Amino acid sequence: MTELVVATAHWRALDREGEDKCRLSPTANGWLLVGHARFRDEGGFAALDYVVRCDEAWHTLSADIAGIHDDREVRLHIQRDNGAWLLNEAEQPGLDGVADIDLSFTPATNLMPLRRLLEGRETSLQSSAAWLHYPEPALQRLDQTYARTGQPDVMSYMAEQTGYATQLTFDRAGFVTLYPELWEGEVTHAG
């Protein structure tokens, strides 16, 4: 059986040596993001593969990250279980009401809140994410606001805990195509 791929994003890092490629596929009960991030940071070279599973409403169900970082094995399993977030089976505190995962090493996980906002009629969306501030092996709460700008392919973005704000350019699939000073990319669509 061949997996149906709706869209594939390929990004180039702007703040370091790196690239990321991610594909979006529907599943019987939601959505699947499968990606491959390769980058060099202060910790060395990283080759990380990730899978994010979402329900039909674009809320994260689970995520897996596996690979190497400077010759160290990386193996993380993240799961949302009845409102609790688990990282390698250890419950992570302070994440009540959180709907999304945010993997700091890829722009792929901006897709879920962007899709929810694009599919609704609201002008803005406040969302909380379980933020894996990689390489830290813990999840932190990251309250985010996405807001329409009046331009059809640009959203304002703000992360409360970090004070970070920017404007994200995105494509019709919901993948970010420009994350200023961090990522730029292209998206190809099936059919």
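So, here is what we can say about the structure in this document. Each residue is numbered by its place in its chain's sequence as written, counting from 1. Reporting of local features is limited, given that this is a predicted model, to residues whose pLDDT is at least 70; pairs of side-chain atoms are given and counted only at 80 or more, and all residues count toward the totals for whole chains, interfaces and linings. With hydrogens and water set aside, each side-chain value is computed from the structure's full complement of heavy atoms.

**Focus: the overall build of the chain**
We count it as follows: In DSSP terms, a helix is any run of H or I states spanning at least four residues, a strand is any run of E spanning at least two, and both are numbered starting from the N terminus. In this treatment the radius of gyration is a C-alpha quantity, and the globule benchmark scales as 2.2 Å times the residue count to the 0.38 power. Only protein chains enter the accessibility calculation, which uses a 1.4 Å probe. A residue is then buried if its area is under 20% of the maximum for its type, exposed if over 50%, and partly exposed in between. Per-residue and other accessible areas were derived by the Shrake-Rupley procedure at a 1.4 Å probe size, with only the shown protein chains allowed to occlude residues. Only four residue types enter the tally: Lys and Arg on the positive side, Asp and Glu on the negative side; His and the chain ends are excluded. All charge positions are set by atom: Lys at NZ, Arg at CZ, Asp at CG, Glu at CD.
Counting secondary structure elements, the chain contains 1 helix and 15 strands. Its C-alpha radius of gyration of 16 Å places the chain within 12% of the 16 Å reference for a compact globule of 191 residues. Oriented by its inertia axes, the alpha-carbon framework of the chain measures out at about 45 × 45 × 35 Å. Looking at the 191 residues of the chain, the share that counts as buried comes to 48%. Roughly 9600 Å² of accessible area belongs to the chain as shown, and the carbon and sulfur atoms make up 48% of that amount. Each charge sign in the chain was given a centre, from 16 positive and 30 negative side chains, and these centres are 5 Å apart.

**Description of unusual backbone geometry**
Note the cis peptide between tyrosine 134 and proline 135, where omega equals 15°. Although it is not a glycine, asparagine 88 adopts a positive phi angle of roughly 50°. Judged by its relative accessible area of 40%, asparagine 88 falls in the partly exposed class. The backbone of glutamate 181 sits at a positive phi, close to 70°, despite the residue not being glycine.

**A few points about helix α1 (residues 111-119)**
Along α1, 7 of the 9 residues are buried, which leaves the element largely enclosed by surrounding structure. Among the residues of α1, Leu111, Met112, Pro113, Leu114, Arg115, Arg116 and Leu117 are the ones counted as buried.

**Concerning the nonpolar core**
Here is the rule we go by: What we call a nonpolar core is a set of buried Ala, Val, Leu, Ile, Met, Phe, Trp, Tyr and Cys residues that are connected through their side-chain atoms within 4.5 Å. The criterion used for residue contact is that any of the two residues' heavy atoms lie within 4.5 Å.
In this structure, Tyr50, Ile65, Ile78, Phe105 and Phe175 are the most contacted members of the largest nonpolar core, which totals 52 residues. The element best represented in this core is strand β4 (residues 44-55), accounting for 5 residues. Sequence-distant contacts of phenylalanine 175, that is, excluding residues within four places in its chain, are made with Ala7, Ala9, Trp11, Cys22, Arg23, Leu24, Leu33, Leu111, Thr169, Phe170 and Val187.

**Describing the state of the cysteines**
Where we set the bar: Criterion for a disulfide: a pair of cysteine sulfur atoms within 2.5 Å.
If you walk through the whole model with that rule in mind, you get 0 disulfides. Looking at cysteine 22, it has no disulfide partner, and the nearest cysteine sulfur is the one in cysteine 54, 10.0 Å off. Owing to a relative accessible area of 3%, cysteine 54 belongs among the buried residues under this scheme.

**Observations concerning the pairing of strand β12 (residues 154-159)**
Note the threshold: Two strands qualify as a pair provided DSSP detects at least 2 bridges between them.
Here 5 bridges tie strand β11 (residues 139-148) to β12, and the two strands are oriented antiparallel to one another. Considered in β12, the bridge of tyrosine 146 is made with tyrosine 157. Taking the residues between adjacent antiparallel strands as the criterion, β11 and β12 are bridged by 5 residues, where glycine 150 takes a positive phi near 100°. Where β12 and strand β13 (residues 164-170) come together, 6 bridges link them in antiparallel fashion. Counterpart to serine 156 in the pairing with β13 is glutamine 167. Here β12 folds back onto β13, and the loop between the two strands holds 4 residues, one of which, glycine 163, carries a positive phi near 75°.

**Focus: the pattern of salt bridges**
Opposite charge on two side chains lets them pair, provided their charged atoms get close. We count it as follows: We define a salt bridge as a side-chain nitrogen of Lys or Arg found within 4 Å of a carboxyl oxygen belonging to Asp or Glu.
Under the counting rule described, the total for this entry stands at 9 salt bridges. Salt-bridge contacts for aspartate 15 lead to arginine 16; the nearest nitrogen and oxygen are separated by 3.8 Å. Arginine 16 sits in the partly exposed class, given a relative accessible area of 26%. With a closest N to O distance of 3.0 Å, aspartate 49 and arginine 38 form a salt bridge. Within this pair, whereas aspartate 49 is found in strand β4, its partner arginine 38 is found in strand β3 (residues 30-41), the two being separated by 11 residues in sequence.

Read these as geometric descriptors, not functional statements.
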